[in-house]
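# A closer look at the structure
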Amino acid sequence: MKAIWRGSVVAESDDTVVVEGNHYFPAEAVKTQYLLPSNTRTMCSWKGEARYHTLFVDGDANPDAAWYYPEPKEAAAEIKGRIAFWKGVQVVD
């Protein structure tokens, strides 16, 4: 699977976990040069607290387009150490 935004592959792996229709990539499969920190946090009742990154590609920013659960609840343990994308990021096979 590949995560693509603005024509750049921001993550690539054959080992994704799909939860609620979102592909969670292993953190090591994500190209960190495209990630900027974000202060955004959200709470999911069954996964726990999500934290976000802004994608930054060729001078374009996509705020909070990547998210992860640093300490997911037990029900979502399979996504620990993984990052997912949205907000126009295409995930393709």
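None of the values given here were measured: they were computed from a predicted structure. (Residues numbered from 1 in each chain as written. Predicted model: local features only at pLDDT ≥ 70, side-chain atom pairs only at ≥ 80, totals over all residues. Heavy atoms only, no water.)

## Details of the sheet that holds strand β8 (residues 82-85)
Ordered by their spatial adjacency, six strands build an open sheet running β3-β4-β8-β7-β6-β5, and the pairing between neighbours is antiparallel. Across the chains shown, the open sheet's two edge strands, defined by having one partner strand only, are β3 (17-19) and β5 (35-44). Between one strand axis and the next, the sheet turns by 35° as a mean value, whatever way the strands run. In this structure, strand β6 (residues 48-57) lies alongside strand β7 (residues 60-68), joined through six bridges in antiparallel fashion. The partner of Tyr-52 across the bridge, within β7, is Trp-67. (Pairing = 2+ DSSP bridges. Helix = DSSP H or I, 4+ residues; strand = E, 2+ residues; numbered from the N terminus. Axes fitted to C-alpha atoms, helices over the stretch in contact; angles between N-to-C directions.)

## Some thoughts on the pairing of β6
When you tally the buried positions in β6, you get seven out of 10 residues, the bulk of the element. Sheet topology places β5 next to β6; seven bridges connect them, and they run antiparallel. The residue of β6 that forms the bridge with Arg-41 is Arg-51. Turn length for the β5-β6 hairpin, with the two strands adjacent in sequence and antiparallel, is three residues. Between β6 and β7, which pair antiparallel in sequence order, lie two residues; one of them, Asp-58, sits at a positive phi of approximately 50°. (Buried < 20%, exposed > 50% of the residue type's maximum accessible area, 1.4 Å probe, protein only.)

## Overview of the packing of aromatic side chains
Enumeration over the complete set of coordinates arrives at three aromatic pairs. Ring geometry for Tyr-24 versus Trp-67: centroids 5.9 Å apart, planes at 85°, classification edge-to-face. Here the residue Tyr-24 occupies a position in strand β4 (residues 22-26), and Trp-67 occupies one in strand β7, the gap between them amounting to 43 residues. One exposure class covers both Tyr-24 and Trp-67, and it is buried. Relative to Phe-85, the ring of Phe-25 lies with its centre 5.8 Å away and its plane at 70°, an arrangement referred to as edge-to-face. Here the residue Phe-25 occupies a position in strand β4, and Phe-85 occupies one in strand β8, the gap between them amounting to 60 residues. Assessed through its relative accessible area of 0%, Phe-25 is described here as buried. Taking relative accessible area as the criterion, Phe-85 reaches 5% and is therefore assigned buried. Grouped by ring-pair contacts, the aromatic residues Tyr-24, Trp-67 and Trp-86 constitute a single cluster. (Phe/Tyr/Trp six-rings, centres within 6.5 Å; stacked < 30°, edge-to-face > 60°.)

None of the figures reported here should be taken as evidence of function without further support.
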